[in-house]
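Architecture and fold: a report
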Amino acid sequence: MTERFSFSLHATDGRARTGTISTPRGEIRTPAFMPVGTAATVKAMLPESVRATGADVLLGNTYHLMLRPTAERIARLGGLHAFMNWERPILTDSGGFQVMSLAELRKLTEEGVTFRSHIDGSRHMLTPERSMEIQQLLGSDIVMCFDECPALPAEHDRIAESMRLSMRWAQRSRDAFGDRPGHALFGIQQGGDKEDLRGESAEALRAIGFDGYAVGGLAVGEGQEVMFRVLDYAPDMLPEDKPRYLMGVGKPDDIVGAVKRGIDMMDCVLPSRSGRTGQAFTRRGVVNIKNARHQEDPRPLDEHCSCPACRSYSRAYLHHVFRSQEIISSMLLTWHNLHYFQELMQGMRDAIAAGRFADWETDFHAQRAEGDI
Ligand SMILES: CNc1nc2c(CC[C@H]3O[C@@H](OC)[C@@H]4OC(C)(C)O[C@@H]43)c3nc(N)[nH]c(=O)c3cc2[nH]1
């Protein structure tokens, strides 16, 4: 078991790469999909079930956990790994994005963000320093810089102003993080869909120096075409020997397009959240299980899938328990979706290692029917 944090690339195929991130708590196979465990749980899943889907790392969050149960309480109870019974790597987001999307009465200054909790209205402040302190109290293995993520579309000057604030906050995050062997600090590139600003942000982050680099500021409503246009140049602006993490992405075809453009890590609430709304992702596309046509269908969601839902339950049963709002509905559909997302990543890791990513991508798109299946 390594005491350090390191990244090694095993193979590339075009811009796609496959490698391993080594951490004291275990290895992360890249390209990696990271299930989201916002409030110290991947909703409707036991940690051992999350592991069984193939996940090497999961996400926690500064914003949610600082409000409830507070980072200090989690630290008193031994840290987030012990608290949630997940002993493998945890990456925590820095909270800035959630403050801007969830909190009320936010006030943004050079110092940081003051806001009222969306839970009980209590007043809080997040700064780069406080975000680093919270993530250290949680004990996360991969810490994200405190940043500001502007919504798109936005004017060049607005994006420039926001990005430059985030770069000053990146320096403060780096200074506050200090030297913590075995723990990583990732910088977050901003700059929206402006190539010059993305370049300025990448240079600022390189000068500070990080263990990994996120492409932030995307998946904020710009749409896949704009996102891919940015990914056609943005990842290559970041150090080639460090992991590249695209935040908040995405649907299966977003993920494939991002890996094709050099992304190593992704996170998204989609597989877990949509599992709770009755959407199942399969090789052939999306199954909306609440649709009446499934009510007597004896087949599994996907006859080629080896997850518990597909091994032992029919679409008819999944339709019934979803319609009846039974808890097992969320359990089975979440498990299936996370399993499918991890199979997608394993398929791409194997394809890149074998130098056949292009063929794998062609087959991926060929299998997908348009619309519901
Ligand atoms: C969905 N699109 C999207 N999400 C983004 C995030 C947040 C990613 C985190 O928010 C949740 O997804 C909404 C996930 O659950 C937790 C655990 C909260 O962590 C994940 C971002 N975070 C930071 N710090 N900076 C960014 O520029 C940024 C951009 C994003 N675009």
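Below is a short write-up of the structure. The structure presented is a predicted model; accordingly, all values stated were derived computationally and were not measured. (Residues numbered from 1 in each chain as written. Predicted model: local features only at pLDDT ≥ 70, side-chain atom pairs only at ≥ 80, totals over all residues. Heavy atoms only, no water.)

Within the structure, the ligand sits among 21 residues, and Q98, D147, G217, L218 and A219 are positioned closest to it. Between the ligand and D147, the relevant distance is 2.7 Å, taken from a nitrogen atom to a side-chain nitrogen or oxygen of the residue. Q190 places a polar side-chain atom, nitrogen or oxygen, 2.9 Å from an oxygen atom of the ligand. Calculation on the ligand without its partners gives an accessible area of 590 Å², and the protein chains cover 91% of this total. Taken together, the elements giving at least two residues each to the shell around the ligand come down to β5 (58-61) and α5 (96-102). (Near = heavy atom within 4 Å. Polar contact = N/O pair within 3.5 Å; in protein donor to acceptor, adjacent residues only side chain to side chain. Areas by Shrake-Rupley, 256 points an atom, 1.4 Å probe, with all protein chains shown as cover. Helix = DSSP H or I, 4+ residues; strand = E, 2+ residues; numbered from the N terminus.)

That bond from R68 to P69 is cis: its omega, 10°, falls within 30 degrees of zero. For P69, the position within the fold is in the loop between α2 (62-67) and α3 (71-76). Despite not being glycine, N85 has its phi angle at roughly 60°, a positive value. Summarising the element assignment, N85 is placed in the loop between α4 (80-84) and β6 (90-93). One non-glycine residue, L105, lies in positive phi territory at about 50°. Relative to the helices and strands, L105 is located in strand β7 (residues 104-108).

Strands in a sheet are paired, the pairing made by backbone hydrogen bonds, and the direction either parallel or antiparallel. Reading across from one edge, β7-β8-β9 is the order of the three strands in this open sheet, with antiparallel pairing throughout. Of all strands in the sheet, those with a lone pairing partner are β7 and β9 (123-126), marking the two edges. Mean inter-strand twist for the sheet, computed between neighbouring axes without regard to direction, equals 15°. Where β7 meets strand β8 (residues 113-116), three bridges bridge the pair, whose relative direction is antiparallel. The partner of L108 across the bridge, within β8, is V113. (Pairing = 2+ DSSP bridges. Axes fitted to C-alpha atoms, helices over the stretch in contact; angles between N-to-C directions.)

Across all of its chains, the model carries 10 aromatic pairs by this definition. Seen in terms of ring centroids, F281 and F341 are 5.5 Å apart; in terms of plane orientation they differ by 85°. Their pairing is edge-to-face. With F281 in strand β15 (residues 279-282) and F341 in helix α14 (residues 327-353), this pair connects stretches of sequence that are 60 residues apart. One exposure class covers both F281 and F341, and it is buried. Between F357 and W360, the ring centres sit 6.0 Å apart and the planes meet at 20°, which makes this aromatic pair stacked. Of this pair, F357 and W360 both sit in helix α15 (residues 357-366), separated by three residues, roughly a single helical turn. With a relative accessible area of 4%, F357 lands in the buried category. Given the relative accessible area of 14%, W360 is considered buried. (Phe/Tyr/Trp six-rings, centres within 6.5 Å; stacked < 30°, edge-to-face > 60°. Buried < 20%, exposed > 50% of the residue type's maximum accessible area, 1.4 Å probe, protein only.)

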